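# Working through the structure, step by step
Below, each chain spelled out in residue letters.
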Amino acid sequence: MGDKHTARLSWEKQIEPLSSSCNLTDWEYVKPHSVYERNEAIFAEFKHTSPEDGSNRLILGNNLDAMQALLNEGREGTIDLIYIDPPYLSEIDYSSKLNLSDHKIQRSAFQDKWPRGIDSYLDMLYPRLKIMHRLLSPRGSIFVHLDWHVSHYVRLLLDEIFGNDNLVNEIIWCYTGGTGSKKHFHRKHDTIFWYSKSTAYIFNPQYRPYSRQTLERGLTRVKGPKYTLHEQGALMQDWWSDINKILSPTAHENLKYPTQKPIALMKRIIACASNPDSLVADFFAGAGTLAEAAEELGRRWIMADNSELAVTTSNYRLLKRNARPYLIQTVNEVRNEGILDLDPIRISPCGASNLLQIQIKDYKPAEITDDLELTAAQYLEYWELDLDYQGFFHSDYQMLPRRRFNGSLDLSLAVMLPVRTNYSIGVRTHDIFGHTTTKIVNVTNSSPGGEV
Ligand SMILES: C[S@@+](CC[C@H](N)C(=O)[O-])C[C@H]1O[C@@H](n2cnc3c(N)ncnc32)[C@H](O)[C@@H]1O
């Protein structure tokens, strides 16, 4: 049927031409090893490993370029599951608010405003869906998360690109809470379209607990002797009301990234449409919910986002959960830097090792409003160390705050390293606006503190 019907969504297209020469630039290799306090010196070695197969990576940049670069790398037909939660044409500038020392801080996350309304929105999404179709494996699926603003238009794009025969489910995710309206019914559901690449898609059925009444009376009495209760529960339907939105600002899961989706939702999608050997991807990654769920379920993952705040938040989240090593890459993107001041690194002999003491003296973001006078520990969200910098940043240790955004980040660290005459130490900071700053310090045993 897919080939025979000719109905199409049409609009005045002004789609940017695709650049076929996109390449990903390696920016950092992260081996999560979080440190929360400097009370005890870290005993470290000089041992860098390399990413195994290029999976598990977080890309900063426009997802069209990122996906084109993945195709250029030969990743066509390799991804089993793509989940996307793109902007919804909500006409909102999304930002995240923090209260720090009586300052109300507005952190810009991403824009969902379109100069030609629906036309430019479709111009954005159409070529991206086409590339995603190419990246999917024959057993692959895409889940496209939308709401009432544009779901009706996007469904037609998906029909055209994937074939309407390949619509597997229109999933309705119902939730409660938040604001309502007296002018219409409260809008409390999102739509998730699930399309497969072919009929050979992966599907692992999911189950929900039986209701109390069903358990009490037993299924057999209602449906006849052929039906018995299953150990795992009842088969899941296409409307999900058992997972709520992240509502509480203090919820453990809440990373203060606007539009962040619950991890339980992501785990259900990954569990049903991928296998443990699958590569899964999210090209509108936001706070990195997909990668955390993939880590929990043991899948390999790729994520991309063009917002620095999204990438910094995802990175924090992966460090916090002690993820497997991953690569951070950029595509046509220059990261914003702040002003980082380090105290000279002190070296002192300590048994068979040398003790290096590293201290951040001060930090200021590049652009700050005059009335915002925060300390370095408040401006910074976390920082990382490369103990043997050789031209490319390997994050060996990460200093995280015990409690996020409360100024409790420790700015000094003591590291025990094997004795050498020269050390090349990389320090990379991440601030609350998503900006990163890197300093490389070359230190010699005789005259510490020589910065490059
Ligand atoms: C609705 S949010 C995703 C939220 C995410 N599902 C989560 O759980 O946190 C959409 C994300 O898409 C990103 N985005 C929008 N346009 C993009 C583009 N052209 N390339 C890469 N990322 C983009 C935004 O920066 C934003 O973080």
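Just so it is clear, the model here is predicted, and its values are computed rather than measured.

In the contact formed by helix H2 (residues 118–135) and helix H3 (residues 151–162), the axes pass within 10 Å of each other and the chain directions differ by 30 degrees. Comparing their axes, H3 and H2 come out roughly parallel. Every pair of crossing elements has a handedness; the one defined by H2 and H3 is right-handed. Facing Ile118, Tyr121, Leu122, Leu125, Tyr126, Leu129, Lys130 and His133 of H2, the residues of H3 in contact are Tyr153, Val154, Leu157, Leu158, Glu160, Ile161 and Phe162. In terms of residue class, the contact of H2 with H3 is built from 12 nonpolar, 1 polar and 2 charged.

A few words now on the site of the ligand. By nearness alone, 20 residues border the ligand, and Asp85, Tyr257, Ala287, Thr289 and Asp305 come closest of all. Asparagine 62 places a side-chain nitrogen or oxygen 3.4 Å from a nitrogen atom of the ligand. One of the backbone nitrogen or oxygen atoms of alanine 287 is found 2.8 Å away from an oxygen atom of the ligand. Notes on the ligand: free accessible area 610 Å², of which the protein chains cover 96%. For the shell around the ligand, the residue count by class is 7 nonpolar, 9 polar and 4 charged.

On to the nonpolar core. Of all hydrophobic cores here, the largest spans 47 residues; its most connected members are Phe143, Ile269, Leu290, Trp301 and Tyr326. For this core, the element with the most residues is helix H6 (residues 263–273), which contributes 7 residues. Tyrosine 326 has contacts with Glu28, Tyr29, Val30, Pro32, Asn56, Trp301, Asn315, Leu318 and Leu319, leaving out every residue within four places of it along the chain. Residues Leu71, Tyr126, Leu146 and Ile302 belong to the second largest nonpolar core, which totals 44 residues.

Before going further, it helps to examine the domain arrangement of the protein chain. As far as domains go, the protein chain holds domain 1 (25–31 + 52–330) and domain 2 (339–444). The centre of domain 1, based on its C-alpha atoms, is set 34 Å off from the matching centre of domain 2. At the interface, 24 residues of domain 1 touch 27 residues of domain 2. Across the domain 1/domain 2 interface, buried area totals approximately 2300 Å², and carbon plus sulfur atoms make up 58% of it. Linking domain 1 with domain 2 are 1 salt bridge. A salt bridge links arginine 428 to glutamate 28; its shortest N-O distance comes to 2.8 Å. Where domain 1 packs against domain 2, one counts 12 residue pairs in polar contact (both at pLDDT 80 or more). Looking at the side of domain 1 that touches domain 2, the elements with two or more residues in it are strand E1 (25–30), strand E6 (92–100), strand E7 (103–112) and helix H8 (308–320). In terms of residues, the side of domain 1 that touches domain 2 owes the most to one element, H8, which gives 8 residues.

Next up on the list: the sheet that holds strand E10 (residues 189–196). If you trace the 11 strands from one edge of the open sheet to the other, you get E13-E9-E10-E8-E5-E14-E15-E4-E16-E1-E21, paired in mixed fashion. Each edge of the open sheet carries a strand with a single partner, namely strand E13 (239–240) and strand E21 (394–395). Of the pairings in the sheet, the one linking strand E4 (residues 57–60) to strand E15 (residues 300–305) comprises 4 bridges and is parallel in character. Considered in E15, the bridge of leucine 60 is made with aspartate 305. Along the sheet face, H6 touches strand E5 (79–84), strand E8 (136–146), strand E9 (167–174), E10 and E13 and points at about 155 degrees away from the line of E5.

With that settled, the discussion passes to the pairing of E5. Among the 6 residues in E5, 6 count as buried, and that is most of the element. Inspection of the sheet shows E5 paired to E8 by 5 bridges, in the parallel sense. Bridge pairing in E8 links leucine 81 to serine 141. Sheet topology places E5 next to strand E14 (residues 279–282); 2 bridges connect them, and they run parallel. Residue pairing for E14: isoleucine 82 is matched across the bridge by alanine 281.

Here we come to empty space enclosed by the protein. If you walk through the whole model with that rule in mind, you get 2 cavities of 30 Å³ or more. Every residue lining the largest cavity is counted, 13 residues in all, and those nearest its centre are Ala377, Leu380, Phe405, Asn406 and Gly407. Those elements that provide at least two residues to the lining of the largest cavity are helix H9 (376–379) and strand E20 (380–386). Here the residues of the lining of the largest cavity sort into 6 nonpolar, 4 polar and 3 charged. Of the volumes computed, that of the second largest cavity is approximately 30 Å³. For the second largest cavity, the full set of lining residues is Tyr29, Val30, Lys31, His48, Thr49, His394, Ser395 and Asp396. Of all elements in the fold, only E1 and E21 reach the threshold of two or more residues within the lining of the second largest cavity. Residues that form the lining of the second largest cavity fall into these classes: 2 nonpolar, 4 polar and 2 charged. Taken together, domain 1 (25–31 + 52–330) and domain 2 (339–444) each give at least three residues to the lining of the second largest cavity, which thus spans both.

About the criteria used
Residues numbered from 1 in each chain as written. Predicted model: local features only at pLDDT ≥ 70, side-chain atom pairs only at ≥ 80, totals over all residues. Heavy atoms only, no water. Axes fitted to C-alpha atoms, helices over the stretch in contact; angles between N-to-C directions. Helix = DSSP H or I, 4+ residues; strand = E, 2+ residues; numbered from the N terminus. Parallel < 35°, antiparallel > 145°, perpendicular 65-115°, else oblique. Left-handed = near helix turned anticlockwise from the far one by under 90°. Contact = heavy atoms within 4.5 Å. Nonpolar A, V, L, I, M, F, W, Y, C, P; charged D, E, K, R; others polar. Near = heavy atom within 4 Å. Polar contact = N/O pair within 3.5 Å; in protein donor to acceptor, adjacent residues only side chain to side chain. Areas by Shrake-Rupley, 256 points an atom, 1.4 Å probe, with all protein chains shown as cover. Core = buried A, V, L, I, M, F, W, Y, C linked by side-chain atoms within 4.5 Å. Buried < 20%, exposed > 50% of the residue type's maximum accessible area, 1.4 Å probe, protein only. Domains from an automatic or database assignment. Buried area = accessible area lost by both parts, 1.4 Å probe. Salt bridge = Lys/Arg side-chain N within 4 Å of Asp/Glu carboxyl O. Pairing = 2+ DSSP bridges. 1 Å grid on protein atoms, 1.4 Å probe; cavity = no way out; pocket = protein on both sides within 12 Å on 5 of 7 lines; lining within 4 Å. Points joined across faces, edges and corners; volume = space filled by probe spheres on them.

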